[in-house]
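# Descriptive analysis of the structure
If you want the building blocks of each chain, they are given just below.
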Protein chains: 2
Amino acid sequence: MNNRMIQFVIGKILLVEAALLLLPMLVALFYREQVIPFLIPAVLLTGLGLLLSLRTPEQTGLFARDGLAIVALAWIFMSLFGALPFYLSGSMHSYVDCIFETVSGFTTTGASILPEVESLGRAILFWRSFTHWVGGMGVLVFAIAILPMSDGHGMHLLRAEVPGPTVGKLVSRMSDTAKILYGIYLVMTLVEIVLLVLGGMSLFDACIHAFGTAGTGGFSDRNLSVGAYQNPYFDIVIGVFMILFGINFSLYYYLLVGRAREVFRSEELWTYLGIVGASVLAITVDIAPIYHSVGTSLRHAFFQVSSIITTTGYATVNFDTWPSFSKAILVALMFVGACAGSTGGGIKVSRVVILVKTSISDMRRMLHPNAVSTVRFEGKPICDKQIRGVHTFLTVYLIIFIGSILLLSLEGADLITTFTAVAACINNIGPGLGAVGPQGNFAAFSPLGKLLLSFDMLVGRLEIFPMVLLFAPSIWKIRPRIKFRQRPNL
Amino acid sequence: MNNRMIQFVIGKILLVEAALLLLPMLVALFYREQVIPFLIPAVLLTGLGLLLSLRTPEQTGLFARDGLAIVALAWIFMSLFGALPFYLSGSMHSYVDCIFETVSGFTTTGASILPEVESLGRAILFWRSFTHWVGGMGVLVFAIAILPMSDGHGMHLLRAEVPGPTVGKLVSRMSDTAKILYGIYLVMTLVEIVLLVLGGMSLFDACIHAFGTAGTGGFSDRNLSVGAYQNPYFDIVIGVFMILFGINFSLYYYLLVGRAREVFRSEELWTYLGIVGASVLAITVDIAPIYHSVGTSLRHAFFQVSSIITTTGYATVNFDTWPSFSKAILVALMFVGACAGSTGGGIKVSRVVILVKTSISDMRRMLHPNAVSTVRFEGKPICDKQIRGVHTFLTVYLIIFIGSILLLSLEGADLITTFTAVAACINNIGPGLGAVGPQGNFAAFSPLGKLLLSFDMLVGRLEIFPMVLLFAPSIWKIRPRIKFRQRPNL
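Rules of the game
Per chain, residues are indexed from 1 in the order of the written sequence. Whichever chain is written first becomes A and whichever ligand is written first becomes 1, with later ones labelled in order. Two thresholds apply to this predicted model, a pLDDT of at least 70 for residue-level local features and 80 or more for giving and counting side-chain atom pairs, whereas whole-chain, interface and lining totals are computed over all residues. Each side-chain value is worked out from all heavy atoms of the structure, with water and hydrogens disregarded. Definition used for salt bridges: Asp or Glu carboxyl oxygen within 4 Å of a side-chain nitrogen of Lys or Arg. A helix here means a DSSP run of H or I that spans at least four residues, while a strand means a run of E at least two residues long, and both kinds are numbered starting from the N terminus. Here's how the labels work: a residue is buried when its accessible area is under 20% of the maximum for its type, exposed when over 50%, partly exposed in between, all with a 1.4 Å probe on protein chains only. Least squares is used to superpose the copies, and the fit set is the C-alpha atoms of residues whose pLDDT is at least 70 in both copies. Here, residues are in contact when the closest pair of their heavy atoms is within 4.5 Å. Once two parts are brought into contact, the accessible area they lose, counted with a 1.4 Å probe and summed over both, makes up the buried area. Any pair of N or O atoms that falls within 3.5 Å is considered a polar contact. Within protein, one atom must be able to donate a hydrogen and the other to accept it, and sequence-neighbouring residues count only if both atoms are side-chain atoms. Domains are outlined according to an automatic or database domain assignment.

### Section: the pattern of salt bridges
Across all of its chains, the model carries 22 salt bridges over all chains by this definition. Its salt-bridge partner being Arg388(B), residue Asp384(A) comes within 3.3 Å of it at the nearest N-O pair. Of this pair, Asp384(A) sits in helix H19 (residues 384-408) while Arg388(B) sits in helix H19 (residues 384-408), on two different chains. The partner of Glu463(B) in a salt bridge is Lys348(B), with the nearest N and O atoms 3.1 Å apart. Pair noted here: Glu463(B) is in the loop between helix H21 (447-461) and helix H22 (465-469) and Lys348(B) is in the loop between helix H17 (324-336) and helix H18 (349-367), with a separation of 115 residues, a long-range link. Side by side, Glu463(B) and Lys348(B) carry an identical accessibility label, which is buried. Through salt bridges that share partners, Lys348(A), Arg351(A) and Glu463(A) make up one connected network.

Listed below in structure tokens is the structure:
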């Protein structure tokens, strides 16, 4: 482990967070609200950040395990400091609640411990939703975009932070790739804000909901979420944008540079859209008797499916009252999740495709042991090592999932609430069913339960391994640093 | 596919089933009940069996895919004919219900559509429980034991029928291995019958409960299952025997031939006993406030854990009323299941151990990419092909599990009932929670729902692949038979 370098990068990340706090401060000044709750953490972050990053380390080499440790620690520290504005402003009384809410924000989960949000200050609401936007594309991607860092080191960080089984560079330089990703992200967010304002939403509300959509987070400034507006236009705009933010951002880059053919041949994209289409159709038929209109049923089905598969968690209706079949589809979609390289969570469509194709190929081999069969994904053959990686992901995911349910069941909530609370947190969705349904919240869990769910949210957002490996004893062992030396280029 | 040979073996299996029907016929004669409901299927089975197996096929070569097809078809035909006594005796009015009950019997699930069983005739109750005993060790294992068949062919059948990731021969000849397994099985069943009779149970009831325990099935002739006796002695005898029948039968053979060291070094055995011990302890503490006595809590916890992990499904209390933590543990145990090579169902302890060890090894490799690490199980290194097999098993298992829940949710039962109904059937347990809890039954599902659950029970008992591959188009393609010729030795 290159501890000096880990400290250095985390120091830089804390400085970035201090800078990000300037935005809610401006909002506070504009609405004449308290600035202090943001100023104190910003000062603390600046001080600690400078302390950690003042001395450039002699050795800047980073191994994969350093990347994992940096990502895990950075997200934990960001959440601990990001929780301070909630605590200092008195919006929540317990610091654990503040941590839960902040982790839920950064991980784009959108699970809340607040029974109602409309009494919160504007600046606090802004910060709460802005964490979604920051967490959606990832804070280390942001750091790579703006800090000078060598490609090799950036790659380890990117791989640990960007969702999906594989991460590729779009352009030769890593920092340019990060800039392109953030550029597309910013422009799409702005387009959504404009569309929402054109539909009659206030600029503030439009920002809040665009942040929630872009990060596929799900925090709203209305108690009834998007359902509060009772406006089909907003349902459709937000519904479509959730789907868009659930698509691999590389595809947008390919569209921009005229490689549309690659986009239309994307296996993951078509599977994703196919799952969305089939689910919307099935739910529309299932709930039609409730809403007495195919149009309304279609709109509610589309919005809820779009919200759940992208793991956003906005709701226009209380889907906990829907028939079992529709609820079962939504629960299944919670696990599928969005596309790799998007801001969405879950297992990811690409992993599901690889798992299904591998299983079919393996079963075919049982029937015809001598047949040669290669599993192909996105037109390319996948090697056994990649398949093993996806299998390991699935296994560890299930182990953490089942372990979390066992621990959380100690709280005594009913099994549906316990099961979907863990599912909603580990898949970064937000609402589940039962007591944590679209009109419920997570306040009833004990502080330990909330910390467990916060861990699950981080596990989900960082795709398991950075968080789990933080507990490996060997990652903290101090070894003689005889690794390859490299000139400091940071 | 060697269709002639498949027909021939299935013909022999049907003759075996005809012979097995003689036992309930004797019971019917003894209690002066109807013999006709057993006689008709016995005659039909004999006729069809002779027709199929009269002409010895010229080519007796069997490929792995032939073995899979034989096992799947044999179990389906056995269930269709085994259901006739229930139908002809008028015990159940719908043939689908009879199929469900018979599949539940042969697969040692123990799920019932009967709201009460105490009004059934003795011979029908005997046949219902005897299917557990036959299905527990497997009907093809029985066929291999009594029919002269070459080792190579028997191996394909054994591999498709005996639970667990690997199947080994105990002795050099396959038919001797099968005889040893059935011998141990028979002796253990007899010992349990004697112990139950010594405790004051009638011989008939003792047979019923010993069949249910030995096959880890769970059918009882009492509406309240083992709980009806209110006798701690029976709880302990049946509880201990369930644990014993959940152990790999090879270990008993090793004990018999004096290779006790291998038994005490068995990784799967110790993990299995460790899981049982930890679960009993945790549940005892959790339910102690309900029963006001540590002894009673311990006994109920032990019996229920033993019943669920071995996938038997007997109950002494209605565990659906227990706290969430205890219920969550029981649901988790439903998936773990018993040891490979036992009569129990579920994913199997050995697969769980391999999955966990592989995950830890793979994560270690993320931290130390150059470290050499081999996954070892039972003292031997496991190759990547075996690991891939376990991963494929888990993936297909999950796909069928989720698909079944989605389809069954169309019936409109609540999600806990739907989820645990599928879990209880695919893991061959019997009772779930909610409407299918220990004091409920499966009668409320539609005929299609019952057929789906019957499919799931067969999927669970035959460990997925024989049933799934039955749907592969290529298994039914007629190909020119240019495969290796072999002298008929059957």
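Anyway, onward from the coordinates.
### Overview of the relation of the copies chain B and chain A
Mapping chain B onto chain A calls for a rotation angle of 180° and an axial translation of 0.0 Å; the resulting RMSD is 0.0 Å. The symmetry that links the two subunits is that of a two-fold axis. Residues of chain B ranked by C-alpha distance from the rotation axis are headed by His391(B), positioned 3.1 Å from it. Comparing contact sets, 100% of the residues at the interface of chain B also lie at the interface in chain A, consistent with an isologous, same-surface contact.

### So, the interface of chain B and chain A
Listed as interface residues are 48 residues of chain B and, on the opposing side, 48 residues of chain A. Both sides together, the interface formed by chain B and chain A hides about 3900 Å², and carbon and sulfur atoms give 73% of it. Among the residues of chain B in contact with chain A, Leu367(B), Arg388(B) and Leu415(B) are the three that bury the most area, contributing 18% of the side total. For the interface between chain B and chain A, the tally reads four salt bridges. On inspection of chain B and its partner chain A, the count reaches ten residue pairs in polar contact (both at pLDDT 80 or more).

### A look at the domain arrangement of chain A
All names here are of chain A. Taken as a whole, chain A is organised into domain 1 (3-336) and domain 2 (382-473). Using only C-alpha atoms to locate each centre, domain 1 and domain 2 end up separated by 18 Å. Across the boundary between the two partners, domain 1 contributes 48 residues, which contact 35 residues of domain 2. The contact between domain 1 and domain 2 buries some 3200 Å² in all, and 72% of this surface belongs to carbon and sulfur atoms. On the domain 1 side of the interface with domain 2, the three residues burying the most area are Phe100, Met334 and Phe335, jointly 18% of the side's total.

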